[in-house]
There are 4 protein chains.
Amino acid sequence: MPAPQSTEPLYILTISCPDAVGIVAAVAGFLADRDAFITESTHFGDAVTNRFFMRTVFAPGATSPPPDGFAHAFSRIAERFEMVWGLHEAHRRERVLIMVGKAEHCLNDLLYRYRTGELAIDVAAVVSNHPVLAPLAEWHGVPFHHLPVTVETRAEQEAALLRLVADLSVDLVVLARYMQILSPPTCERLKGRCINIHHSFLPGFRGARPYHQAHERGVKLIGATAHYVTPELDEGPIIEQAVERVDHSYDPDALAAVGRDIESIVLARAVRLHVEHRVLINGRKTVVLR
Amino acid sequence: MPAPQSTEPLYILTISCPDAVGIVAAVAGFLADRDAFITESTHFGDAVTNRFFMRTVFAPGATSPPPDGFAHAFSRIAERFEMVWGLHEAHRRERVLIMVGKAEHCLNDLLYRYRTGELAIDVAAVVSNHPVLAPLAEWHGVPFHHLPVTVETRAEQEAALLRLVADLSVDLVVLARYMQILSPPTCERLKGRCINIHHSFLPGFRGARPYHQAHERGVKLIGATAHYVTPELDEGPIIEQAVERVDHSYDPDALAAVGRDIESIVLARAVRLHVEHRVLINGRKTVVLR
Amino acid sequence: MPAPQSTEPLYILTISCPDAVGIVAAVAGFLADRDAFITESTHFGDAVTNRFFMRTVFAPGATSPPPDGFAHAFSRIAERFEMVWGLHEAHRRERVLIMVGKAEHCLNDLLYRYRTGELAIDVAAVVSNHPVLAPLAEWHGVPFHHLPVTVETRAEQEAALLRLVADLSVDLVVLARYMQILSPPTCERLKGRCINIHHSFLPGFRGARPYHQAHERGVKLIGATAHYVTPELDEGPIIEQAVERVDHSYDPDALAAVGRDIESIVLARAVRLHVEHRVLINGRKTVVLR
Amino acid sequence: MPAPQSTEPLYILTISCPDAVGIVAAVAGFLADRDAFITESTHFGDAVTNRFFMRTVFAPGATSPPPDGFAHAFSRIAERFEMVWGLHEAHRRERVLIMVGKAEHCLNDLLYRYRTGELAIDVAAVVSNHPVLAPLAEWHGVPFHHLPVTVETRAEQEAALLRLVADLSVDLVVLARYMQILSPPTCERLKGRCINIHHSFLPGFRGARPYHQAHERGVKLIGATAHYVTPELDEGPIIEQAVERVDHSYDPDALAAVGRDIESIVLARAVRLHVEHRVLINGRKTVVLR
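Model, not experiment: these values are computed from the prediction.

Looking at the domain arrangement of chain A
All names here are of chain A.
Then, number 1: Segmenting chain A into domains produces domain 1 (11-89) and domain 2 (94-288).
Then, number 2: A separation of 31 Å is found between the C-alpha centroids of domain 1 and domain 2.
Then, number 3: Contacts between domain 1 and domain 2 engage 11 residues on the former and 7 residues on the latter.
Then, number 4: At the boundary of domain 1 with domain 2, total buried surface from both sides reaches about 770 Å², with 59% on carbon and sulfur atoms.
Then, number 5: For the interface between domain 1 and domain 2, the tally reads 1 salt bridge.

In structure tokens, the structure reads:
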């Protein structure tokens with residue numbers, strides 16, 4: 001699953017549609033007819049829902065049309081197969097807005113990967129209901145917006161958030177241990193483009209204080225889950241999960257310390273998968289095309 | 001956590017008691033005074049419950065008393081510290097009764113490890129409510145008892161089981177994918193000496209058909225959990241857990257196939273930890289002293 | 001990477017050729033023109049060697065030609081792109097010959113998976129230079145051939161092995177901890193269809209007694225490697241590897257015990273990948289299309 | 001293996017000596033006689049070298065002597081058993097000097113853990129032969145020393161390094177992807193207190209450009225190794241290792257990207273184990289007492 005390295009023009013075509021004979025042939029033929037060279041292609045047919053998912057990366061050739069031309073011509077194939085589809089420039093960096101509370105581990109990790117180019121994103125802004133992480137954002141050259149929130153001001157605060165998303169042309173909102181729950185309408189508005197990191201191996205330990213729950217239950221592995229945000233708390237489609245071994249000697253603080261490393265890694269992986277257009281939504285689940 | 005290899009006399013002392021100054025010194029001094037050589041010793045003080053747990057392996061020396069003498073003399077220390085304790089011959093093989101349904105993977109794995117000596121146990125019997133696994137047990141030279149069960153005959157069947165446990169001097173009952181639920185009184189009778197393998201990463205996916213639940217939820221890792229049986233279904237103290245990575249392409253059957261490998265390994269590890277007297281119960285949890 | 005479950009006709013087409021524009025389109029178009037429904041397709045273009053690798057699974061439709069017709073028609077595309085290719089019935093079980101020494105863990109695991117259908121293979125024979133594992137093979141209903149070997153008789157013994165391979169129509173030879181080294185000519189004869197399990201994480205600890213080497217070096221993880229056999233000892237293309245955590249308390253015997261579990265799992269995975277036609281050879285390396 | 005959390009006085013006693021009857025009793029009795037409460041204790045007897053290793057954490061009681069008194073009194077026991085031993089204040093932060101080249105991932109990770117208190121160390125200085133990472137060090141409030149090096153100036157540069165180690169009372173030197181090889185005399189001077197991160201799973205891929213070596217060999221897992229520095233390149237006692245799964249699609253750059261995450265984690269774990277006095281050297285190997 002390495003990221004594309006070169007800087008030659010490269011496009012990513014993502015498709016989701018009812019499964020049928022001839023989809024791969026139609027897409028591959030379409031690209032070959034336009035002198036495009038496929039560098040990666042993965043697909044998956046879900047036998048349960050009978051839906052087909054595809055991700056194809058291609059480089060235009062000498063006689064290829066411009067992107068607009070591709071898209072225009074492709075729309076006829078898309079109609080025939082009732083496709084939900086997207087055509088993305090592979091080297092365009094997705095614009096990301098990161099929301100945080102007071103915990104800095106996920107933010108630090110994402111900003112480090114952004115700054116070093118490890119993660120090919122543009123961080124448009126960091127938003128927090130607390131001011132404490134402003135210096136961290138600023139050192140990485142990222143604007144920090146302090147949007148405090150109370151029960152009374154939630155609607156207003158979320159409106160400010162959505163304005164930032166619009167004004168900054170944000171593609172993806174990342175809840176990097178943002179401890180507030182977004183209202184259902186905001187979740188709907190950000191559907192499919194808002195990723196949360198939950199500090200447990202879902203569906204175990206939903207809700208608050210999962211490391212305390214894990215300590216009480218005496219589990220031998222703890223985990224983290226990155227998922228798309230939906231109005232149902234901790235129930236959105238899962239993108240990535242990981243676990244780490246612990247034992248009886250870990251108190252809730254020690255579990256949380258181990259958890260911080262897992263959370264950072266799982267969230268970074270999920271963001272990478274998303275911005276590389278590898279994650280397609282399949283009802284309550286995801287298809288991750290590596 | 002290797003198993004003891006030699007055949008010289010070796011004893012395992014396990015202790016659980018309220019934490020206090022001087023426990024290690026008292027135990028170690030007691031052993032040194034009796035010319036015993038400590039080859040392993042681990043302990044753990046739980047700061048939450050304020051209980052202390054210890055496992056010490058020792059070899060008697062030339063002037064050591066016989067085991068009975070050790071035990072008799074030790075009871076004074078045990079009283080002083082209000083210890084729950086046990087003195088076990090390290091080379092004595094625990095007698096194990098394995099209960100199964102129709103699924104053979106865990107049974108096959110345990111019998112293989114028993115037959116090759118990989119797992120230092122004596123398998124006293126295999127008990128099943130179905131006859132299908134009789135040839136497997138018999139090939140390994142283990143008596144097979146077919147105890148069918150219906151709602152009406154459950155009490156009677158469990159009485160037969162408990163008679164076998166008594167008659168065969170069984171130390172440990174292993175539910176190796178036995179798909180029946182034991183009644184609360186039987187769970188109580190087998191408390192601390194009955195291990196179940198649950199085919200999910202508890203506390204996620206409690207109850208029936210966990211691989212179908214996992215498929216519906218779209219998790220990216222599946223797991224298995226070995227725990228002591230208690231009257232509360234799937235809530236007993238956890239001994240061992242493990243997970244394996246899966247993806248969207250796994251249907252419930254494929255998840256179950258991956259799961260079978262994890263279940264076999266997790267159950268074998270839990271049995272080994274138990275028969276090596278490494279697992280001490282701490283309320284709803286375990287302390288596993290490696 | 002789940003195995004195909006259904007029993008409807010299904011074919012696997014594997015391709016390796018110089019990379020070029022239009023390969024996917026040519027293959028997918030060829031199949032669509034013949035009413036074939038692609039259920040899986042994966043490919044990989046190696047930017048270093050400029051070679052292209054593809055595995056496509058398809059179900060024939062109502063108006064599809066018979067397999068021979070497919071193959072005949074496909075040979076023209078194959079020629080155009082200079083393909084090395086194969087067309088395999090997905091439900092045909094590959095015929096496997098397993099070679100062993102005295103250690104039974106890998107054999108036991110493979111025979112268990114064969115008998116329960118976990119691994120969709122036919123085990124044509126077990127061959128060993130020792131008689132000890134005959135009962136295990138026979139209990140699983142597999143013919144056992146005792147072919148002892150000395151320095152003087154090696155050529156003769158390997159000739160007998162190759163006769164068995166021919167007479168039993170063996171597709172794959174598995175060295176399941178067979179402790180003899182096959183001669184270079186025999187390695188050549190079995191090129192690409194002979195898998196060995198090496199009991200270390202190659203390239204560390206090549207050669208003899210790897211667990212003793214690992215113990216001396218004090219490594220914190222030990223592993224196993226399944227690879228195709230080539231005349232250069234332990235240097236063939238790697239198919240699969242895995243590791244497990246150990247610590248200072250493991251002596252060589254304890255390392256070997258942990259190693260046995262890893263070896264069994266890694267070898268079973270490699271055999272499965274091979275018989276599902278997922279492993280394509282790329283010079284000294286493999287491309288594994290999951 | 002959680003770090004101590006409280007701030008009450010706490011001591012760590014580490015011992016290495018020839019194995020014998022009565023060591024644990026002597027140590028535990030010594031502590032109990034002085035009203036010390038053992039909170040953790042682990043030991044290991046190496047049956048091959050016949051050496052005994054012990055780490056004991058204890059809290060002084062109301063009538064305990066001061067640390068000096070402990071140490072003085074203990075020296076008699078130490079002599080009797082020919083112990084190499086140390087008595088450390090558990091809450092004293094070890095002083096660490098970090099050496100880097102141009103790669104920042106390990107430095108960033110260590111400084112993050114230092115700044116947030118995740119890793120209980122004092123970073124006394126960052127030393128590099130390149131100036132590029134100065135801003136990173138300075139943002140974390142750590143002095144940065146630029147000590148460039150050429151073949152001609154190596155001796156002089158290492159002398160400057162050793163002066164810093166002395167002047168800053170450095171306990172531990174961490175080579176966090178410092179790409180220069182220290183001379184044998186400097187390795188000797190820093191023996192047992194200099195940790196290197198090697199970017200491969202040793203003993204595989206010793207020496208330069210291990211990710212290129214790994215790519216050529218086509219391995220399916222890549223790893224990192226933290227070890228003490230010795231005059232023999234990449235041969236020092238291993239403290240910690242980890243691996244991550246890769247496949248044929250990873251070119252050397254992609255392998256290196258995955259590797260950076262493993263390197264950071266493995267190095268941080270090794271530093272933590274060292275500063276918690278959990279790592280005792282046993283010839284060419286380590287004993288890690290968790």
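Let's talk about helix α1 (residues 23-33) of chain A
Then, number 1: Of all 11 residues in α1 of chain A, 9 are buried; the element is thus mostly enclosed.
Then, number 2: Every buried residue of α1 of chain A is listed here: Ile-23, Val-24, Ala-25, Ala-26, Val-27, Ala-28, Gly-29, Phe-30 and Leu-31 of chain A.
Then, number 3: The elements touched by buried residues of α1 of chain A are β1 (11-18), β2 (37-46), β3 (51-59) and α2 (67-80) of chain A together with α1 (23-33) and β2 (37-46) of chain C.
Then, number 4: Of the residues flanking the end of α1 of chain A, it is Asp-35 of chain A, one or two places downstream, whose phi is positive at about 65°.

Some points on the relation of the copies chain B and chain A
Then, number 1: Of the two same-sequence chains, chain B is brought onto chain A (RMSD 0.0 Å, axial shift 0.0 Å) by a rotation of 180°. Taken together, the rotation and translation describe the operation of a two-fold axis. Among all residues of chain B, the minimum C-alpha distance to the rotation axis is found for Gly-204 of chain B, at 2.2 Å.
Then, number 2: Of the residues that chain B buries at the interface, 100% are likewise interface residues in chain A, meaning the two copies contact each other through the same surface.

So, the pairing of strand β13 (residues 285-288) of chain A
Regular strands have side chains that alternate between both faces of the sheet.
Then, number 1: Going residue by residue along β13 of chain A, you find Lys-285 and Val-287 of chain A tucked away on one face and Thr-286 and Val-288 of chain A tucked away on the opposite face as well.
Then, number 2: Linkage of strand β12 (residues 279-282) of chain A to β13 of chain A, two consecutive antiparallel strands, is achieved through a turn of 2 residues, within which Gly-283 of chain A is found at a positive phi near 70°.

Some details on the interface of chain B and chain A
Then, number 1: Counting residues at the interface gives 34 residues for chain B, matched by 34 residues for chain A.
Then, number 2: Note on chain B versus chain A: buried area summed over both sides is about 2900 Å², and carbon and sulfur give 57% of it.
Then, number 3: Taken together, the links from chain B to chain A amount to 4 salt bridges.
Then, number 4: Put simply, Arg-217 of chain A and Glu-235 of chain B hold a salt bridge, and the shortest N to O gap is 3.5 Å.
Then, number 5: Applying the counting criterion to the chain B and chain A interface returns 18 residue pairs in polar contact (both at pLDDT 80 or more).
Then, number 6: Residue assignment for the side of chain B that touches chain A shows that the elements contributing at least two residues are α7 (210-217), β11 (238-245) and β13 (285-288) of chain B.
Then, number 7: Of the residues belonging to the side of chain B that touches chain A, the class tally is 15 nonpolar, 8 polar and 11 charged.

Brief notes about the pairing of strand β10 (residues 221-228) of chain C
All names here are of chain C.
Then, number 1: The element β10 is largely enclosed, with a buried count of 8 among its 8 residues.
Then, number 2: Alternating residues of β10 divide into Leu-221, Gly-223, Thr-225 and His-227 and Ile-222, Ala-224, Ala-226 and Tyr-228, and every residue in both groups is buried.
Then, number 3: As paired elements, strand β9 (residues 194-198) and β10 share 4 bridges and run antiparallel to each other. Within β10, the residue paired with Asn-196 across the bridge is His-227.

Rules and cut-offs
- Residues numbered from 1 in each chain as written.
- Chains lettered and ligands numbered in written order.
- Predicted model: local features only at pLDDT ≥ 70, side-chain atom pairs only at ≥ 80, totals over all residues.
- Heavy atoms only, no water.
- Domains from an automatic or database assignment.
- Contact = heavy atoms within 4.5 Å.
- Buried area = accessible area lost by both parts, 1.4 Å probe.
- Salt bridge = Lys/Arg side-chain N within 4 Å of Asp/Glu carboxyl O.
- Buried < 20%, exposed > 50% of the residue type's maximum accessible area, 1.4 Å probe, protein only.
- Helix = DSSP H or I, 4+ residues; strand = E, 2+ residues; numbered from the N terminus.
- Least-squares fit on C-alpha atoms with pLDDT ≥ 70 in both.
- Pairing = 2+ DSSP bridges.
- Polar contact = N/O pair within 3.5 Å; in protein donor to acceptor, adjacent residues only side chain to side chain.
- Nonpolar A, V, L, I, M, F, W, Y, C, P; charged D, E, K, R; others polar.

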